[in-house]
Amino acid sequence: MDYTVFIQERKGGLVIKPNKNKSISGKTENPQGPGKGDVCPVCGGYFAASCIRGLSTCQTCGFVMASVRPQPEQAAVLYGEDYFHGDGYADYAAERPALNFNFKEHLKRILREMGNATGQKTLFEAGCGFGYFLELSRGFFKEVSGCELSPFAAGRARKAFGLNVQEGDVLTLPLSGPYDVMCMWDVLPSLAEPDKVLARVAEALAPGGILALTMPNIGSRFARISGRFWPLIHFPWRVGYYSPETITKLLEKSGFRVVYVRPFHKTRSLREILYQLVALKFRRPDWFHALERLPFMKVLVPMGFADEMFIMAHKA
Ligand SMILES: [Zn+2]
């Protein structure tokens, strides 16, 4: 059965309304309805509708997925220029100081895990956006490279930093591994087939190689209290909603040994926080537009909700 999600229209960085000319459709595998009978990528169990509209929960392991899952060929619609300036962020390029603040923390954790012996090592980032993390990391590794689904973002990464970034996804691209480190920052939740992607990542990693991930934690207290108002529910871009238990189970099934899962306090600019909450979540771009004129919009704010997690794993 087909389901269609209308993407919100953007004008000057503001979300206006769902745009019927620009939509993506998703298929569920069972004709009974959304979320009934889909096979869980974590355990092979079956989904049933969740108490949150648009989400389904695996009846066996509790993994949560969006009932509508975009087809891979619809990625071009989802991750065009609008994603970085409207659909996903108010302005991704302007958010670079906040993004880099987080990326430096991720890099420190990876370096610590490797005992700082990185000089002869290689790193690959799947879903590298504009290449900010690769640019930060390149001085610490023999070679850094990445891939990015969005041709717009991949082009920016190559042009701005001269990085080795391929256009496309991990599943279909020829990867020139084995890599010593692979990382995905909030990428796994966007994937409708995370099990297949992780199997491919395991193939491309060197024996004992490191996989570092970040993603929202639907098992966190803040997510549970917020329910359907949890700001990190983001259709149709985010389709998988993990808890420490489900991501650990999926990684172990895919050939990884999880070293730790820790809360990660993401830092964002005040402007971006207001955009995500007011314009995207509550669909009041007019309120955001009034608020963004206030001073201090560039201030970086660490989010103290502990509703995101950092996962460190090794290839088993
Ligand atoms: Zn399951």
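Residues numbered from 1 in each chain as written. Predicted model: local features only at pLDDT ≥ 70, side-chain atom pairs only at ≥ 80, totals over all residues.

**A look at the overall build of the protein**
Secondary structure assignment for the protein yields 10 helices and 15 strands. The buried share among the 316 residues of the protein stands at 42%. Contacts in the protein between residues at least 24 apart in sequence constitute 65% of all its contacts with a sequence separation of at least 6. (Helix = DSSP H or I, 4+ residues; strand = E, 2+ residues; numbered from the N terminus. Buried ≥ 20, exposed ≤ 12 C-beta atoms within 10 Å, placed from the backbone. Contact = placed C-beta atoms within 7 Å.)

**A closer look at the sheet that holds strand β12 (residues 256-263)**
Strands sit in the order β8-β7-β6-β9-β10-β15-β12 across an open sheet of 7 strands; the sheet is mixed. This sheet does not close on itself; its edge strands, each paired only once, are β8 (164-167) and β12. Within the sheet, the average angular offset between the axes of one strand and its neighbour, ignoring direction, is 15 degrees. As defined by bridge partners, strand β9 (residues 179-185) adjoins strand β10 (residues 205-216) across 6 bridges and the pair is classed as parallel. Bridge pairing in β10 places Trp185 opposite Thr214. The sheet contacts of helix α5 (residues 151-161) involve β7 (143-148) and β8, and relative to β8 the element is tilted by about 165 degrees. (Pairing = 2+ DSSP bridges. Axes fitted to C-alpha atoms, helices over the stretch in contact; angles between N-to-C directions.)

**Here's the deal with the sheet that holds strand β11 (residues 240-241)**
One key point about sheets: their strands pair by backbone hydrogen bonds, in either a parallel or an antiparallel sense. Strand order in the open sheet formed by 4 strands is β3-β4-β5-β11, with antiparallel pairing between adjacent strands. Strand pairing shows two members of the sheet lacking a second neighbour, β3 (47-49) and β11, which therefore form its edges. Bridging between strand β5 (residues 64-66) and β11 involves 2 bridges; their strand directions are antiparallel. Looking at the pairing, Met65 lines up with Gly240 of β11.

**Digging into the environment of Leu280**
By secondary structure assignment, the location of Leu280 is in helix α9 (residues 270-281). Since 20 C-beta atoms lie within 10 Å of it, Leu280 is described here as buried. C-alpha of Leu280 to C-alpha of Ala90: the two residues are 190 residues apart in sequence and 9.4 Å apart in space.

**Remarks on α9**
The first and last C-alpha atoms of α9 sit 15 Å apart over 12 residues, in line with the 16 Å expected at 1.5 Å per residue. For α9, every residue scored as buried is listed here: Arg271, Glu272, Ile273, Tyr275, Val278, Ala279 and Leu280. One or two residues past the end of α9 sits Arg283, with phi positive at roughly 50 degrees. (Expected span 1.5 Å × (residues − 1).)

**What about the environment of Ser176?**
For Ser176, the position within the fold is in the loop between β8 and β9. Its 13 C-beta neighbours within 10 Å are what place Ser176 among the partly exposed residues. With 28 residues separating them in the primary sequence, Ser176 and Ala204 have C-alpha atoms 7.7 Å apart.

**Observations concerning unusual backbone geometry**
The peptide bond linking Gly177 to Pro178 adopts the cis configuration, its omega dihedral lying at 5 degrees. You can see Pro178 is positioned in the loop between β8 and β9. We note that Asp186 has phi near 55 degrees; this positive angle belongs to a residue other than glycine. Position of Asp186 among the secondary structure elements: in the loop between β9 and α6 (194-204). For Asp186, a count of 19 C-beta atoms within 10 Å puts it in the partly exposed group. Notably, Arg283 is not glycine yet its phi reads approximately 50 degrees, a positive angle.

**Focus on the pairing of β8**
Direction of pairing for β7 relative to β8: parallel, over a ladder of 4 bridges. For Ser145, the partnering residue across the bridge sits in β8 and is Asn164. Handedness of the crossover is the feature at issue here: the chain leaves β7, passes through α5, returns alongside β8, and the resulting connection is right-handed. (Right-handed = clockwise from strand over helix to strand, strands pointing away.)

**Some remarks on the pairing of β10**
Burial of β10 is extensive: 9 of the 12 residues sit out of reach of the surface. Alignment of β10 against strand β15 (residues 308-315), held across 7 bridges, turns out to be antiparallel. Paired with Ile210 across the bridge in β15 is His314.

**Quick notes on the confidence of the model for the protein**
Segments scoring low in pLDDT should not have their predicted coordinates read at a detailed level. A residue-level look at the protein finds 87% of positions with pLDDT of 70 or above and a mean pLDDT of 86. pLDDT under 50 marks residues 10-21. Its contacts with residues more than four places away, or in other chains, come to 32 contacts. This stretch, residues 27-36, has a pLDDT under 50; its non-local contacts, to residues over four places away or in other chains, come to 30 contacts. (pLDDT = per-residue confidence, 0-100.)

**Some remarks on the environment of Arg69**
With respect to the secondary-structure elements, Arg69 resides in the loop between β5 and α1 (75-78). By C-beta crowding, Arg69 is classed as buried, having 23 other C-beta atoms within 10 Å. Separated by 124 residues in sequence, Arg69 and Glu193 place their C-alpha atoms 9.6 Å apart.

**Focus: α5**
Ala153, Ala154, Arg156 and Ala157 are the residues of α5 that are buried. Summarising the axial view, the buried residues of α5 lie within an arc of 155 degrees, below the 170-degree limit, and thus occupy one face. Of the surrounding secondary structure, the elements contacted by the buried residues of α5 are α2 (81-87), β7 and β8. Looking one or two residues past α5, Gly162 carries a phi angle of roughly 65 degrees, positive in sign. (Arc of directions from axis to C-beta.)

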